[in-house]
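Residue-level structure breakdown
Okay, here's what each chain looks like letter by letter:
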Amino acid sequence: MSEPKPRIAVLVFPGSNDDRDAALALEGLGADPVLVWHADRELPDVGAVVLPGGFSYGDYLRAGAIARFSPAMRAVADFADRGGLVLGICNGFQVLCEAGLLPGVLRANESLSFVCRDVRLRVERNDVPSLAQCEVGQRLTIPVKHGEGCFLADPDLLAELEEGRQVVLRYDDDNPNGSLDDIAGVVNAEGNVMGLMPHPEHAVDPLLGSADGALVLGSLVDGAREALHLTASAPA
Amino acid sequence: MRATILVRPKPGILDPQGKAVETSLRHLGFDVDGARVGRVVDLEVEASDPEQARAEVERMCAELLANPLIESYEIELEEGT
């Protein structure tokens, strides 16, 4: 009997545009993705949640600022509080920062230009669920496509992030947006919530130029599978 | 009551928009320095007195209108006639 597929929620906000790509990539990696509309107040029974890229609410005010008030985001915050696995990609990362689920903020690129190209990333940690399939120091080629991906934190917060090893991905000698300390991805203190600007869902097949994104999403699928098994085997 | 909220990038925070505006102004021959670009929010707030209005707008700033990591804000109240 084949193993049941772990269910993963992909949130859809008005203006999300990578939701289907994320779902397709997750499906290819053995998950059962389910699209969840932003107005839904509850999440289905899932092992992980993905906040996809796009321009939720037109990026009005600040990227991600409005999406965080979606009913579904309250459910995501509760899910994260209970230790649930959450991955924010690009706009999803911006939403997680605005919602306070991740530290820091993403601002307009230093160049003020939209960047859309492959970048090289350096993996700083693999002891967080969403990078478990990677090696520390491994270089990943994954595309970015954003206008507001410059990660900023004040000196105190930055010191705290470094101290807590919360910077998990850095641009490797090719910083596309002016991010502080080449930061491309961070996790919360517990490690269950991760955000990154590059798009792993666009790099899951060598045909697309790289399949390195599959290591990130595959890690998430593994984590979701584990979470659901743990839930299933927990004593009633 | 009419409120105007000025949201600015905090000092020291990189403001590429301000830089671009400054560069353009210089190209036009203006002798300028330190240009920063923020945003203005005008709104009507229902309140019985200015203190209550200010408290309401403070909450709006904290919860949505400004990101305290990168932005500071100033509130101006214009009492209706």
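The coordinates are above.
Residues numbered from 1 in each chain as written. Chains lettered and ligands numbered in written order. Predicted model: local features only at pLDDT ≥ 70, side-chain atom pairs only at ≥ 80, totals over all residues.

**Concerning the overall build of chain A**
Per the secondary structure count, chain A includes five helices and 11 strands. Computed over the C-alpha atoms, the radius of gyration of chain A is 16 Å, within 12% of the 18 Å expected from 2.2 N^0.38 for a compact globule of 236 residues. Viewed in the frame of its principal axes, chain A has a C-alpha envelope of about 50 × 35 × 35 Å. Taken across its 236 residues, chain A has 55% of its residues classed as buried. Across chain A, every contact between residues at least 6 apart in sequence was considered, and the portion connecting residues at least 24 apart equals 74%. (Helix = DSSP H or I, 4+ residues; strand = E, 2+ residues; numbered from the N terminus. Rg over C-alpha atoms; globule rule 2.2 N^0.38 Å. Buried ≥ 20, exposed ≤ 12 C-beta atoms within 10 Å, placed from the backbone. Contact = placed C-beta atoms within 7 Å.)

**Brief notes about the interface of chain B and chain A**
Contact residues are listed per partner, giving nine residues for chain B and 10 residues for chain A. With three residues, the top contributor of residues to the side of chain B that touches chain A is helix H1 (residues 16-27) of chain B. A per-class count over the side of chain B that touches chain A returns seven nonpolar, two polar and no charged. (Nonpolar A, V, L, I, M, F, W, Y, C, P; charged D, E, K, R; others polar.)

**Remarks on the pairing of strand E4 (residues 85-89) of chain A**
Residue and element names in this part refer to chain A. Among the five residues that make up E4, five are buried, leaving the element largely enclosed by the rest of the structure. The alternating pattern of E4 places Leu85, Leu87 and Ile89 on one face and Val86 and Gly88 on the opposite face, and all of these are buried. Here four bridges tie strand E3 (residues 48-51) to E4, and the two strands are oriented parallel to one another. Looking across to E4, one finds that alanine 48 is bridged to leucine 85. At this point the chain moves from E3, through helix H2 (residues 71-81), to the parallel E4, and the crossover so formed is right-handed. (Pairing = 2+ DSSP bridges. Right-handed = clockwise from strand over helix to strand, strands pointing away.)

**Details of the sheet that holds strand E1 (residues 7-12) of chain A**
Residues and elements named next belong to chain A. Strand order in this open sheet of nine strands is E2-E1-E3-E4-E11-E10-E9-E6-E7, and the pairing throughout is mixed. Bordering the open sheet on either side are strand E2 (32-37) and strand E7 (139-146), each of which pairs with just one other strand. With direction set aside, neighbouring strand axes in the sheet form an average angle of 25 degrees. Across the face of the sheet, H2 comes into contact with E1, E2, E3, E4 and strand E11 (193-196) while running at roughly 130 degrees to E4. (Axes fitted to C-alpha atoms, helices over the stretch in contact; angles between N-to-C directions.)

**Brief notes about helix H3 (residues 91-98) of chain A**
Residues and elements named next belong to chain A. Of all eight residues in H3, eight are buried, a share of seventy percent or more. Within H3, the full set of buried residues consists of Asn91, Gly92, Phe93, Gln94, Val95, Leu96, Cys97 and Glu98. Backbone geometry just downstream of H3 places glycine 100 in the positive-phi region, at approximately 80 degrees.

**Section: the environment of proline 143 of chain A**
Residues and elements named next belong to chain A. With respect to the helices and strands, proline 143 occurs in strand E7. A count of 20 C-beta atoms within 10 Å places proline 143 in the buried class. Once the C-alpha coordinates of proline 143 and valine 10 are considered, the two residues, 133 residues apart in sequence, prove to be 20 Å apart. Beyond its immediate chain neighbours, meaning those up to four positions away, proline 143 contacts Arg117, Asp118, Pro198, His199, His202 and Ala203.

**A few points about the sheet that holds strand E3 (residues 71-78) of chain B**
All names here are of chain B. The strand order across the open sheet built from three strands is E2-E1-E3, with neighbouring strands paired in antiparallel fashion. At either margin of the open sheet sits one strand with a lone partner, and together these are strand E2 (39-44) and E3. Taken pair by pair, the neighbouring strands of this sheet meet at an average axis angle of 20 degrees, ignoring direction. Sheet analysis places strand E1 (residues 2-9) next to E2, joined by six bridges and oriented antiparallel. Along E2, the bridge assignment pairs valine 7 with arginine 39. Each of E1, E2 and E3 touches helix H2 (residues 50-65); the most contacted strand, E3, lies at about 155 degrees to it.

**Remarks on the environment of serine 56 of chain A**
Residue and element names in this part refer to chain A. Mapped onto the elements, serine 56 comes out in the loop between E3 and H2. Residue serine 56 is classed as buried on the basis of its C-beta count, with 28 C-beta atoms lying within 10 Å. Sequence-wise, serine 56 and glycine 15 are 41 residues apart; in three dimensions their C-alpha atoms are separated by 4.3 Å. When sequence neighbours within four positions are dropped, the list of residues in contact with serine 56 reads Phe13, Pro14, Gly15, Ser16, Gly64, Ile66, Ala67, Asn91 and Val95.

**Some points on the pairing of E3 of chain A**
Residue and element names in this part refer to chain A. The alternating pattern of E3 places Ala48 and Val50 on one face and Val49 and Leu51 on the opposite face, and all of these are buried. Both E1 and E3 contribute to a ladder of three bridges, which runs parallel. Paired with valine 10 across the two strands is valine 50, which belongs to E3.

**Thoughts on H1 of chain B**
The terminal C-alpha atoms of H1 of chain B, which comprises 12 residues, lie 16 Å apart, in line with the 16 Å expected from a rise of 1.5 Å per residue. Following H1 of chain B by one or two positions, glycine 29 of chain B has its phi on the positive side, about 100 degrees. (Expected span 1.5 Å × (residues − 1).)

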